Amino acid sequence: MRGPAVLDRVAHEEGGRIIATLIRHVGGDFALAEDALQDAYAVAAATWGTGNGPVPDNPGAWLTTTARRRAIDRLRRARALDDRIRVLEALATREGDGEDEGEGEDDAMDSSLHDDRLRLLFTCCHPALPLEARVALTLKSLGGLSTGEVARAFLVSEVAMHQRLTRARRKIADKGIPYRVPPDELLPERLAGVLAVVYLVFNEGHTAAAGARLVREELCGEALRLGRLLADLMPDEAEVLGLLALMLLTDARRAARLDARGRAVPLADQDRGRWDAEAIAEGAALLDRALRLRRPGPYQLQAAIAALHATALSWAETDWAQIAALYAALAAHDPSPVVTVNRAVAVGFADGPRAGLALLRALDGDPALGDYPPLHAARAELLRRAGDRAGADAAYARAIAATANAVQRAELEARRAANAAQTT
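Residues numbered from 1 in each chain as written. Predicted model: local features only at pLDDT ≥ 70, side-chain atom pairs only at ≥ 80, totals over all residues. Heavy atoms only, no water.

A.B. asks: Explain the packing of helix α11 (residues 238-251) against helix α13 (residues 298-311) residue by residue, including any values.
C.D. replies: Two elements in contact, α11 and α13, have axes whose closest approach is 8 Å; the angle formed by their N-to-C orientations is 30°. As the angle between them shows, α11 and α13 are arranged roughly parallel. Handedness of the α11/α13 crossing: left-handed. Taken together, the residues of α13 that come into contact with α11 (itself represented by Ala238, Glu239, Gly242, Leu243, Ala245, Leu246, Leu249 and Thr250) are Pro298, Tyr299, Gln300, Gln302, Ala303, Ala306, Ala307 and Ala310. Broken down by class, the residue content of the contact of α11 with α13 amounts to 11 nonpolar, 4 polar and 1 charged. (Axes fitted to C-alpha atoms, helices over the stretch in contact; angles between N-to-C directions. Helix = DSSP H or I, 4+ residues; strand = E, 2+ residues; numbered from the N terminus. Parallel < 35°, antiparallel > 145°, perpendicular 65-115°, else oblique. Left-handed = near helix turned anticlockwise from the far one by under 90°. Contact = heavy atoms within 4.5 Å. Nonpolar A, V, L, I, M, F, W, Y, C, P; charged D, E, K, R; others polar.)

A.B. asks: Give a description of the confidence of the model for the protein chain that names residues and reports values.
C.D. replies: On average, residues of the protein chain carry a pLDDT of 87, and 89% of them reach 70 or more. Summarising per-element confidence for the protein chain, the mean pLDDT is lowest in helix α4 (residues 83-95) (61) and highest in α11 (98). Low confidence marks residues 97-113, where pLDDT is under 50. Its contacts with residues over four positions away, or in another chain, come to 31 contacts. (pLDDT = per-residue confidence, 0-100.)

A.B. asks: Let's hear about the packing of aromatic side chains: which residues, and what values?
C.D. replies: Under the criterion given, the structure shown has 6 aromatic pairs. Ring geometry for tyrosine 199 versus phenylalanine 202: centroids 6.4 Å apart, planes at 10°, classification stacked. Of this pair, tyrosine 199 and phenylalanine 202 both sit in helix α9 (residues 187-206), 3 residues apart, which is roughly one turn of the helix. Just as tyrosine 199 is buried, phenylalanine 202 falls in that class too. (Phe/Tyr/Trp six-rings, centres within 6.5 Å; stacked < 30°, edge-to-face > 60°. Buried < 20%, exposed > 50% of the residue type's maximum accessible area, 1.4 Å probe, protein only.)

A.B. asks: Tell me about the nonpolar core, and please be specific about residues and values.
C.D. replies: Ranked by size, the top nonpolar core spans 106 residues in total, and within it Leu63, Leu120, Leu137, Leu230, Met234 and Met247 carry the most contacts. Top element by residues in this core is α11. It accounts for 10 residues. Both domains that furnish three or more residues to this core are identified here as domain 1 (1-107) and domain 2 (322-424). Leave out the neighbours within four places in its chain, and leucine 230 touches Leu121, Val194, Leu195, Val198 and Val240. (Core = buried A, V, L, I, M, F, W, Y, C linked by side-chain atoms within 4.5 Å. Domains from an automatic or database assignment.)

A.B. asks: Tell me what's going on with the pattern of salt bridges, and back it up with residues and numbers.
C.D. replies: Under the definition given, this model contains 23 salt bridges. Here arginine 225 ties to glutamate 222 by a salt bridge, and the two come within 3.4 Å at their closest N and O atoms. Within this pair, arginine 225 and its partner glutamate 222 are both found in helix α10 (residues 217-233), separated by 3 residues, close to a single helical turn. Take arginine 225: its relative accessible area is 26%, and that puts it in the partly exposed class. When the shortest N-O distance is used, the salt bridge between aspartate 364 and arginine 379 registers 2.6 Å. (Salt bridge = Lys/Arg side-chain N within 4 Å of Asp/Glu carboxyl O.)

Now the structure itself:
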């Protein structure tokens, strides 16, 4: 493989591991670690596979060592000759003298790598940071995305994202946010925050909140990569396995969600032969592993619901009664308007549309849900099936007005038109 291709692959696949190690080595200084890694990338681009040097046998170790040396140089130039330099120089001394940059080290054998990536995840997702900053830092530091790619994920300019990331790093430094895995008594609460960030990335990829695309494959891919990383680092955490199972089982339907013209295909009409059977099998196996740990949680419940959809041979054979029961359990465990809406849809298929509408009445009058498209879309469908065409039309209108995604809006407009045609 040519040098540039190797560098692109290693930067994407191992960049999170390398930056996690560097941040530990430079005392938690995110900016210094990232600048040093960029220096190492520049050196690699100028040497790998060129007349200046071969592609190293262990590119990740080469980059780690070179970045560490560049961090030393940067600290020296800044006259910051403190304890961090002595620590870094001691590490550099152990690497050997006079060798090519990056040789003599195999960070894959470093037993602290496991903790480095966990430290970085929990630092990026610290509750002292705003939620958007947590997501952005996680994607930038561990997700393998550049600042420009993270900016596109948030639909903001690269300059604005650079400023957001800079503020987040500064807050980590100013607040003294520790670069560590939380102690046992704080781990459940903090882990829930990490999982929420990963799931937020996945949901934005699965159904984009705005724009011309329904699915943003790059975000789904990054969320799945982060989920796999978490499952690798925390294999005995049931909710970690549950989240990865949920994402796999949901993402398995991706290929069937749009038709040849780019229009949304409802679940009932999807070609199940296009669903990813390997992802479904992997997700189901992960869910089984999670359930055997006997520590149930909301991600496992959602994964169980996704598994029922994924394994149903047809829409008609979907076990709506069991899905409704799982949503009831989820509502008891983790109540939210989102859960209520989904439960109402399931109950509407299990017990009839009027039963589903009765559940939605609990959300009436909540001003925070006035612009929540799934609520109005669910009410429209239930009203249509109950025979209230006028009520359904009004609900469709509200859902359309609140929807910023062009593909979803077109689908809702088509349903509204079909409802109107049945009325006449």
